[in-house]
Amino acid sequence: MAASCSASQLAQLLGPNGTAAATFICDQFSAVDSNTSYAVDTTYLLFSAYLVFSMQLGFAMLCAGSVRAKNTMNIMLTNVLDAAAGGLFYYLFGFAFAFGGPSNGFIGRHFFGLKEVPNKSFDYSHFLYQWAFAIAAAGITSGSIAERTQFVAYLIYSSFLTGFVYPVVSHWIWSPDGWASAYNTGNLLFGSGVIDFAGSGVVHMVGGIAGLWGAFIEGPRIGRFDHTGRSVALRGHSATLVVLGTFLLWFGWYGFNPGSFNKILVSYPGPTPYYGQWSAVGRTAVTTTLAGCTAALTTLFGKRILSGHWNVTDVCNGLLGGFAAITAGCSVVEPWAAIICGFVAAVVLVSCNKLAEKMRYDDPLEAAQLHGGCGAWGIIFTALFASEKYVNEVYPPKPGRPYGLFMGGGGKLLGANLVQILVIIGWVSATMGPLFFILHKLKLLRISAEDEMAGMDMTRHGGFAYVYHDEGDSVNRNST
């Protein structure tokens, strides 16, 4: 909250000739106060960016633990390259396509290579934060196509996704110029715009749908389904790495969701000086926590009923599904609603996994089901439970702005958010689908059967990450 300085009151204390001195002192005080606000908000955003970037380590550990030991180095390297290639392409093109305003509603057209940054709208911290989001989307896709994809394909799809596909979607939803943006006060879709605060659709659905197409075009891993079409489990080699990665992602999500406010030193109008955007940041962290915890417990008992086991990997995926779902509405829903979000997210994840098995779809990390399915549910959930008070605090206030259907706000927000789901599916399918198909036709997508059976660490990366024998390999040796 900004402090105030009155030159007229100060002049009375300085004496008869104190008016000029009082004015000078108050001007300096105002400048310092403004600079302090910028410094605090920039520090907050940078810290949030560091948290989101730490999620890359979480993705790496989760992916490594979820694949067989013979592909550990390969999946770790792809996670490193998602960040590295994504950094260059987001710097050159992606940030400009996403936030390069003033522009049209479809795509940005300024700030290529961070030209004219910093300015009154953006500082370098904003780029860093958005880059961390972009590479998160690419990391989601890499999990879907793990254990069977050529290295060059990773480089091509990751650069294209972070440099073009993802930025266009983020422009639609998060840029003040975007055609579906809730920040575009001059032309709100259905009078509301899409409320996807931290990216259940923009990040998670984009990464999940891209992974869906990649895994579908590649086909399942060798041995994932038997000759009758029955599912055969190809278990990851380290539950320890899966749990470590999950906790790192959980930690990073406190930058992903609360950090999406971009600023923290913002006061809200009202009689309570202790209530401001800092309170909304705390509430967002609480809703994020409750959704993930509820989804984890729901998955724990649900899978126990279905399979008869207490499976830690399933619980970790359920937890992440809850986080992916609450990401859209984390800032505009009550904490009790987050519990509903997490419960349904677990049901959605389990159902999507059952459907994937029936369709003979193979996703080693359940990334398309988790991020695509739970992300879509999160967008719908937001349109049902968004609070009128919180919507008008977080987004530019507008008389009659729609909010959650179940909270009495009508169906316009639901209509806008359903449009978001459809256009994301259409856009990602129209861009990433043909890319993966072309790579497949050029024989640049899938590795050979021999390399897949031997493992990419040995055939493509010069040796195993460590001495370890996968469960299936030991069974094969014993049978011979």
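All figures in this text were calculated on a predicted structure; none of them were measured in a lab. (Residues numbered from 1 in each chain as written. Predicted model: local features only at pLDDT ≥ 70, side-chain atom pairs only at ≥ 80, totals over all residues. Heavy atoms only, no water.)

Moving on, we get to the packing of aromatic side chains. A complete count under the given rule lists 38 aromatic pairs for this structure. By way of ring pairs, the aromatic residues Phe89, Phe93, Phe97, Phe106, Phe112, Phe160, Phe164, Trp172, Trp179 and Trp427 are connected into one cluster. Between the NZ or CZ atom of Arg224 and the centre of the ring of Phe225, over which it lies, the distance is 5.0 Å. The ring of Tyr390 has Arg283 sitting right over it, with the charged end atom 3.5 Å from the ring centre. (Phe/Tyr/Trp six-rings, centres within 6.5 Å; stacked < 30°, edge-to-face > 60°. Lys NZ or Arg CZ within 6 Å of the ring centre and 35° of its normal.)

All told, the structure shown has 9 salt bridges when counted by the stated rule. Overlapping salt bridges bring together Arg68, Glu147, Arg221, Arg224 and Asp362 as one network. (Salt bridge = Lys/Arg side-chain N within 4 Å of Asp/Glu carboxyl O.)

A separate point is the nonpolar core. The biggest cluster of nonpolar side chains holds 120 residues, and the ones touching the most others in it are Tyr166 and Val203. With residues up to four places along the chain from it excluded, the contact list for Val203 reads Phe133, Ala136, Ala137, Ile140, Tyr166, Trp174, Ala198 and Phe256. (Core = buried A, V, L, I, M, F, W, Y, C linked by side-chain atoms within 4.5 Å. Buried < 20%, exposed > 50% of the residue type's maximum accessible area, 1.4 Å probe, protein only. Contact = heavy atoms within 4.5 Å.)

Let us now look at the packing of helix H10 (residues 335-358) against helix H11 (residues 367-385). At their nearest, the axes of H10 and H11 sit 9 Å apart, and the two run at 145° to each other. Crossing geometry of H10 relative to H11 is assigned as right-handed. Side by side, H10 and H11 meet where Trp336, Ala337, Ala338, Ile340, Cys341, Val344, Ala345, Val348, Leu349, Cys352, Asn353 and Ala356 of the first sit next to Gln369, Leu370, Gly373, Cys374, Trp377, Phe381 and Phe385 of the second. Tallied by class, residues from the contact of H10 with H11 come to 16 nonpolar, 3 polar and no charged. (Axes fitted to C-alpha atoms, helices over the stretch in contact; angles between N-to-C directions. Helix = DSSP H or I, 4+ residues; strand = E, 2+ residues; numbered from the N terminus. Left-handed = near helix turned anticlockwise from the far one by under 90°. Nonpolar A, V, L, I, M, F, W, Y, C, P; charged D, E, K, R; others polar.)

What follows is about the confidence of the model for the protein. Here the protein averages 91 in pLDDT, and 90% of its residues register 70 or above. In the predicted structure, residues 475-480 sits below a pLDDT of 50 and forms 1 contact with residues beyond four places in sequence or in another chain. (pLDDT = per-residue confidence, 0-100.)

Taken as a whole, the largest pocket spans an internal volume of roughly 1,300 Å³. The wall of the largest pocket is formed by 42 residues, among which Ser121, His126, Phe261, Asn262 and Lys263 lie closest to the centre. For the lining of the largest pocket, the class distribution of residues is 22 nonpolar, 14 polar and 6 charged. The volume enclosed by the second largest pocket comes to roughly 1,000 Å³. Residue lining of the second largest pocket: 34 residues in total, with Ala233, Arg235, Asn311, Asp314 and Glu366 positioned closest to the centre. For the lining of the second largest pocket, the secondary structure elements donating two or more residues are helix H2 (19-66), helix H7 (239-256), helix H8 (277-307), helix H9 (312-326) and H10. The element best represented in the lining of the second largest pocket is H10, accounting for 5 residues. Grouping the amino acids of the lining of the second largest pocket by side-chain chemistry returns 12 nonpolar, 12 polar and 10 charged. (1 Å grid on protein atoms, 1.4 Å probe; cavity = no way out; pocket = protein on both sides within 12 Å on 5 of 7 lines; lining within 4 Å. Points joined across faces, edges and corners; volume = space filled by probe spheres on them.)

A grouping of Leu88, Phe89, Tyr91, Leu92, Phe93 and Phe112 is seen on the molecular surface, where their side chains present a nonpolar patch of about 520 Å² in accessible area. Position of Tyr91 relative to the elements: it lies in helix H3 (residues 72-99). (Patch = residues over 30% accessible without salt bridge, like charges linked within 9 Å, V, L, I, M, F, W, Y side chains within 5 Å. Areas by Shrake-Rupley, 256 points an atom, 1.4 Å probe, with all protein chains shown as cover.)

Before going further, it helps to examine empty space enclosed by the protein. Summed over the entire model, instances satisfying the criterion amount to 2 cavities of 30 Å³ or more. Looking at the largest cavity, its volume works out to about 110 Å³. As for the largest cavity, its lining consists of 14 residues, of which Phe59, Leu62, Leu365, Ala367 and His371 are closest to the centre. Those elements giving two or more residues to the lining of the largest cavity turn out to be H2, helix H4 (124-144), H7, H9 and H11. Considering only residue class, the lining of the largest cavity consists of 10 nonpolar, 4 polar and no charged. When its volume is computed, the second largest cavity comes out at roughly 50 Å³.

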